[in-house]
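What the coordinates show
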Amino acid sequence: MVDVLGGRRLVTCDGAWVEAEAALQNKVVALYFAAGRCAPSRDFTPLLCDFYEELVEEARPPAPFEVVFVSADRSAQEMLKFMQDLHGAWLALPFHDPYRHELRTRYHITAIPRLVILKPSGEVITDKGRKQIRERGLACFQNWVEAADIFQNFSG
């Protein structure tokens with residue numbers, strides 16, 4: 001993730017700052033492009049929460065997975081409300097970080113919500129993470145880990 005988010009600071013839904021490199025090292029990363037005003041985003045976010053909780057918060061050891069929210073909200077207040085109301089305990093690119101726009105361009109985001117799954121190198125595993133989670137649930141994560149070349153004994 002050094003290529004994509006290296007040197008960036010991310011924020012938690014509690015407002016704490018974390019260094020992207022430390023938080024994302026050796027993990028499959030899902031960039032979640034969404035907005036609170038978007039009904040499909042509000043519809044999918046609870047599914048993503050459940051997926052994240054089962055993989056990261058409940059699994060022992062936790063799966064090598066992290067979500068980074070890239071807001072398409074109109075204001076920092078909208079973004080924060082969406083995060084506090086519906087999000088899991090994942091990370092976000094700060095609203096005022098102009099890199100949000102660069103990421104949308106880099107990953108060809110033309111509609112939201114979109115869940116882009118990345119290798120630790122920043123290379124795309126799939127830009128259809130939302131569809132895969134809806135159709136296959138936790139089973140899709142094993143494919144992502146294998147594609148990412150992260151060696152960990154994971155069974156979900």
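Residues numbered from 1 in each chain as written. Predicted model: local features only at pLDDT ≥ 70, side-chain atom pairs only at ≥ 80, totals over all residues. Heavy atoms only, no water.

The name recorded for the chain in an unreviewed UniProt entry is Nucleoredoxin like 2, from Moschus moschiferus.

**A closer look at the nonpolar core**
Rules: Working definition of a nonpolar core: buried Ala, Val, Leu, Ile, Met, Phe, Trp, Tyr and Cys residues. They are joined through side-chain atoms within 4.5 Å. To sort residues, take the accessible area from a 1.4 Å probe on protein chains only and compare it with the maximum for the residue type: under 20% means buried, over 50% means exposed, and anything in between is partly exposed. The helix count covers DSSP runs of H or I at least four residues long, the strand count covers runs of E at least two residues long, and both are numbered beginning at the N terminus. We call two residues in contact whenever any of their non-hydrogen atoms come within 4.5 Å of each other.
Counting residues in each nonpolar core, the largest one holds 31 residues, and the members touching the most others are Tyr32, Leu48, Phe51, Phe65, Phe69, Phe141 and Trp144. No other element matches the 7 residues that helix α3 (residues 39-57) contributes to this core. Setting aside anything within four residues of it in sequence, one finds Tyr32 in contact with Ser41, Phe44, Thr45, Leu48, Val67, Val68, Phe69, Val70, Trp90, Pro113, Arg114 and Leu115. Among the nonpolar cores identified, the runner-up in size contains 19 residues, and Leu31, Leu93, Tyr107 and Val116 belong to it.

**Comments concerning the environment of Thr126**
Note the following rule: Counting of polar contacts relies on pairs of N or O atoms within 3.5 Å, with two restrictions inside protein: one atom must be capable of donating a hydrogen and the other of accepting it, and residues adjacent in sequence are counted only when both atoms are side-chain atoms.
Within the secondary structure, Thr126 sits in strand β7 (residues 124-126). Placed 11 residues apart in sequence, Thr126 and Leu115 show a C-alpha to C-alpha distance of 8.4 Å. Looking at Thr126, its side chain comes within polar contact range of the main-chain nitrogen of Lys128, at 2.9 Å. Within the local environment of Thr126, its side chain forms a polar contact with the side chain of Gln132, the two groups lying 3.4 Å apart.

**A look at the sheet that holds strand β4 (residues 65-71)**
Strand pairing in a sheet is mediated by backbone hydrogen bonds. Such pairs are either parallel or antiparallel. This is how the line gets drawn: Here a strand pair is declared whenever DSSP counts at least two bridges between the two strands.
The 7 strands are arranged β2-β1-β5-β4-β3-β6-β7 in an open sheet whose pairing can be described as mixed. Either end of the sheet is taken by a strand with one partner, and the two such strands are β2 (17-19) and β7. Of the pairings in the sheet, the one linking β4 to strand β5 (residues 91-92) comprises 2 bridges and is parallel in character. Following the sheet pairing, Phe69 is matched in β5 by Ala92.

**Focus: the packing of helix α6 (residues 129-136) against helix α7 (residues 139-148)**
The criterion, for reference: Lines are fitted to the C-alpha atoms to define the axes, a helix being fitted only along its stretch in contact, and any angle between axes, read from their N-to-C directions, falls within 0 to 180 degrees. Roughly parallel here means an angle under 35 degrees, roughly antiparallel means over 145, roughly perpendicular means 65 to 115, and every remaining angle is called oblique. Classification used: nonpolar for Ala, Val, Leu, Ile, Met, Phe, Trp, Tyr, Cys and Pro, charged for Asp, Glu, Lys and Arg, polar for all others including Gly.
The contact between α6 and α7 brings their axes to 7 Å, and the two run at 135°. One finds that α6 runs oblique with respect to α7. Across the interface between the two elements, Gly129, Gln132, Ile133 and Arg136 of α6 pack against Ala139, Cys140, Asn143 and Trp144 of α7. Within the contact of α6 with α7, the residues separate by chemical class into 4 nonpolar, 3 polar and 1 charged.

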